[in-house]
Amino acid sequence: MGLIKPTNIGTDIFKAAEFLRNNETVAIPTETVYGLAANALNEEAVAKIFEVKNRPFFDPLIVHIKNVSQISLYARDVPNLALQLAEEFWPGPLTLVLKKQGIVPDLVTSGGDTVALRMPNNEMTLELLNKLDFPLAAPSANPFTYVSPTSAAHVLDQLDGKIPYILDGGNCQVGIESTIVRVLEDTIEILRPGGISEDALRDFLPDVNVVEFQEITSSPISAPGQLEHHYSPFCKLYPAEIYSQLNVSIDAVIYWSKDSKKKSNSTMEAFYLTEDGNFLEGSKNLFALLRRLDKENFNNVLFEWAPNENLGVAINDRLKRASAKRVSIIKD
Ligand code: AMP
Ligand code: MG
């Protein structure tokens, strides 16, 4: 990294726009998680995202756009199905993977011929996009493989001195990343579960083939962004069902609901993700709780899975990756 510069936090959309026009990075609020944004059409600006995050170049970025009609500026041969999805779910946590237009730099797509597009549902960020004449490439605003930030304070915790500005839009309302789908003529393939559930897609398009998210079995390198170990706090997480096989001392438990916490007779320190099992509440709380465990120096934490339906599928995907064995994927 270059010189350490002060990082300011504020709500000044003009200031954020000015930094972005000067090819700087700015952290932006979205309904999913905070993004680390830069001009998606400028390679010098996009390179700074990878540098700040220490992100490998094989992991492509999502391009954030201001409305549905911008899709055709950055994607070509857009299936009608993709437009229907955008009309229904945007602004919102659904990312569409489409064939890219030449104007999108290779750095954004990791050299691939597809681009991931999304219109985020956050008033400040939409206002910002409307002031700019370029779209924003923005992955989550955290060091690569760590837990995504869901507040401006989370971003500052790790990127202080590395970026000039954090646009503060409060706490993220969904709290986990977008659902990423590849859209073909008559099929939707879920590449990453996220803030729009598979059921919501099926309910909207009952006649369309929705291919459910496939667990990763291939090597991390061939599956960009879908690394087995990701979204991980420093403390070690273990699913509750392997408790009896562990030979480490557990210092806390994360329950799915307050109710399941009550039912247990454990004397360990306990946290819960939801009061009474509301999925959106659970997704909103997940990353903030994982960060809190690190701040409070917990070492070994058990967790209970969410029910594997609705947003519980995405929550369990994040819990699975957060608890996966760390694999070395970057050679130094
Ligand atoms: P992040 O914003 O940090 O959650 O990361 C963005 C994720 O979007 C990447 O890790 C990829 O999994 C996914 N992504 C971005 N572009 C593409 C693409 N062209 N094809 C498939 N996945 C993509
Ligand atoms: Mg990320």
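Note that the coordinates shown come from a computational prediction; the quantities given were computed from them, not determined experimentally.

*Asks:* Any chance you could explain the pattern of salt bridges here in plain terms?
*Replies:* Where charged atoms from two side chains of opposite charge approach closely, those side chains can pair. Summed over all chains, the structure comprises 15 salt bridges. A salt bridge links R318 to E177; the nearest nitrogen and oxygen atoms lie 2.9 Å apart. Of this pair, R318 sits in helix α11 (residues 312-323) while E177 sits in the loop between β8 (165-167) and β9 (179-183); the two residues are 141 residues apart in sequence, bridging distant segments of the chain. Of the two residues, R318 and E177, neither departs from the other in class, the shared state being buried. The salt bridge partner of R318 is D317, with a shortest N-O separation of 2.6 Å.

*Asks:* Whenever I open this one, the sheet that holds strand β12 (residues 236-239) confuses me. Can you help?
*Replies:* Strand pairs in the sheet, formed through backbone hydrogen bonds, run parallel or antiparallel to each other. Judged by pairing direction, the sheet is parallel, and its 4 strands sit side by side in the order β12-β15-β13-β14 without closing on themselves. Both edges of this open sheet fall to β12 and β14 (270-274), since each of them pairs with a single strand only. Strand after strand, the sheet turns through a mean of 25° between neighbouring axes, direction not considered.

*Asks:* Can you help me understand the pairing of strand β3 (residues 35-39) in this one?
*Replies:* The side chains of a regular strand alternate, residue by residue, between the two faces of the sheet. Among the 5 residues in β3, 5 count as buried, and that is most of the element. The pairing of strand β2 (residues 26-28) with β3 spans 3 bridges and is classified as antiparallel. Considered in β3, the bridge of I28 is made with G35. Where β2 hands over to β3, the hairpin turn is made up of 6 residues, counted between the paired strands. In the sheet, β3 pairs with strand β7 (residues 136-137) via 2 bridges, with the strands oriented antiparallel. Looking at β7, one finds that N39 is bridged to L136.

*Asks:* Would you take a moment to explain the packing of aromatic side chains for this structure?
*Replies:* We describe a pair of aromatic rings using the distance from one ring centre to the other and the angle between the two ring planes. For the structure on display, the rule yields 8 aromatic pairs. Centroid distance F303 to W305: 4.8 Å. Interplanar angle 85°. Geometry classified as edge-to-face. Here F303 falls in the buried class, since its relative accessible area comes to 1%. Directly above the aromatic system of F14 lies the positively charged group of K131, at a separation of 4.5 Å from the ring centroid. Taking the ring centre of Y231 as reference, the NZ or CZ of R318 above it sits at 4.9 Å.

*Asks:* Would you mind showing me how to read the sheet that holds strand β4 (residues 62-64) here?
*Replies:* In spatial order, the strands read β1-β8-β2-β3-β7-β4-β6-β5-β9-β10-β11; together these 11 strands make up an open sheet with mixed pairing. Bordering the open sheet on either side are β1 (8-10) and β11 (209-211), each of which pairs with just one other strand. In this structure, β1 lies alongside β8, joined through 3 bridges in parallel fashion. The residue of β8 that forms the bridge with I9 is I166. Its contacts with the sheet place helix α2 (residues 43-53) against β3 and β7, and it is angled at close to 155° to β3.

*Asks:* In this structure, what is going on with helix α10 (residues 279-295)? I would like to understand it.
*Replies:* Residue pairs spaced three or four apart in an α-helix point in one direction, given the helix's 3.6 residues per turn. With 17 residues, α10 extends 25 Å between its outermost C-alpha atoms, agreeing within 8% with the 24 Å of an ideal straight helix rising 1.5 Å per residue. At L286, α10 shows its strongest bend, of approximately 35°. When we look at burial in α10, the residues that qualify are F279, G282, S283, L286, F287, L289, L290, R291, L293 and D294. Of the surrounding elements, those touching the buried residues of α10 are α7 (152-159), β12, β13 (252-257), β14, β15 (300-303) and α11.

*Asks:* Is there a simple way to explain the layout of surface pockets in this structure?
*Replies:* Empty space among the atoms becomes apparent when a probe as large as a water molecule is rolled across them. Volume-wise, the second largest pocket comes out at about 320 Å³. Lining the second largest pocket we find 20 residues, and of these P193, F213, N308, V313 and A314 sit closest to its centre. Residue assignment for the lining of the second largest pocket shows that the elements contributing at least two residues are α8 (198-204) and α11. With 5 residues, the single largest contributor to the lining of the second largest pocket is α11. The residue makeup of the lining of the second largest pocket, split by class, is 7 nonpolar, 6 polar and 7 charged.

Cut-offs and rules
Residue positions are given per chain, counted from 1 along the sequence in the order it is written. Throughout, the order in which chains and ligands are written sets their labels, letters from A for the former and numbers from 1 for the latter. A pLDDT threshold of at least 70 governs which residues receive local features in this predicted model, and a stricter bar of 80 or more applies before side-chain atom pairs are shown or counted, although totals over entire chains, interfaces and linings include all residues. Hydrogens are left out, water is left out, and the side-chain values use all remaining heavy atoms of the structure. Salt bridge, as used here: a side-chain nitrogen of Lys or Arg that lies within 4 Å of a carboxyl oxygen of Asp or Glu. In this description a helix means any DSSP run of H or I spanning at least four residues, a strand means any run of E spanning at least two, and both kinds are numbered starting from the N terminus. Each residue is placed in one exposure class: buried if its accessible area under a 1.4 Å probe, protein chains only, is under 20% of its type's maximum, exposed if it is over 50%, and partly exposed if it falls in between. Criterion used throughout: strands pair if DSSP finds at least two bridges between them. To get an axis, a line is fitted to the C-alpha atoms, and for a helix only the part in contact is used. The angle between two axes follows their N-to-C directions and goes from 0 to 180 degrees. Side-chain rings of Phe, Tyr and Trp, where Trp is taken by its six-membered ring, are said to pair if the distance between their centres is within 6.5 Å; with planes under 30 degrees apart they count as stacked, over 60 as edge-to-face, and otherwise as tilted. Working rule: Lys NZ or Arg CZ, within 6 Å of ring centre, within 35 degrees of ring normal, means a charge sits over the ring. Whether two residues are in contact is decided by their heavy atoms: any pair within 4.5 Å suffices. Take the number of residues in a helix, subtract one, and multiply by 1.5 Å to get its expected span. Each residue is assigned a bend, namely the angle between axes fitted to the seven residues that terminate at it and the seven residues that start at it. Points on a 1 Å grid, built from protein atoms alone, make a cavity when a 1.4 Å probe fits but cannot get out and make a pocket when they are open with protein on both sides within 12 Å along at least 5 of 7 lines; residues with an atom within 4 Å of a point are the lining residues. Grid points are joined across faces, edges and corners, and a volume is the space filled by probe spheres set on the points. Residue type decides the class: Asp, Glu, Lys and Arg count as charged, Ala, Val, Leu, Ile, Met, Phe, Trp, Tyr, Cys and Pro as nonpolar, and the leftover types, Gly among them, as polar.

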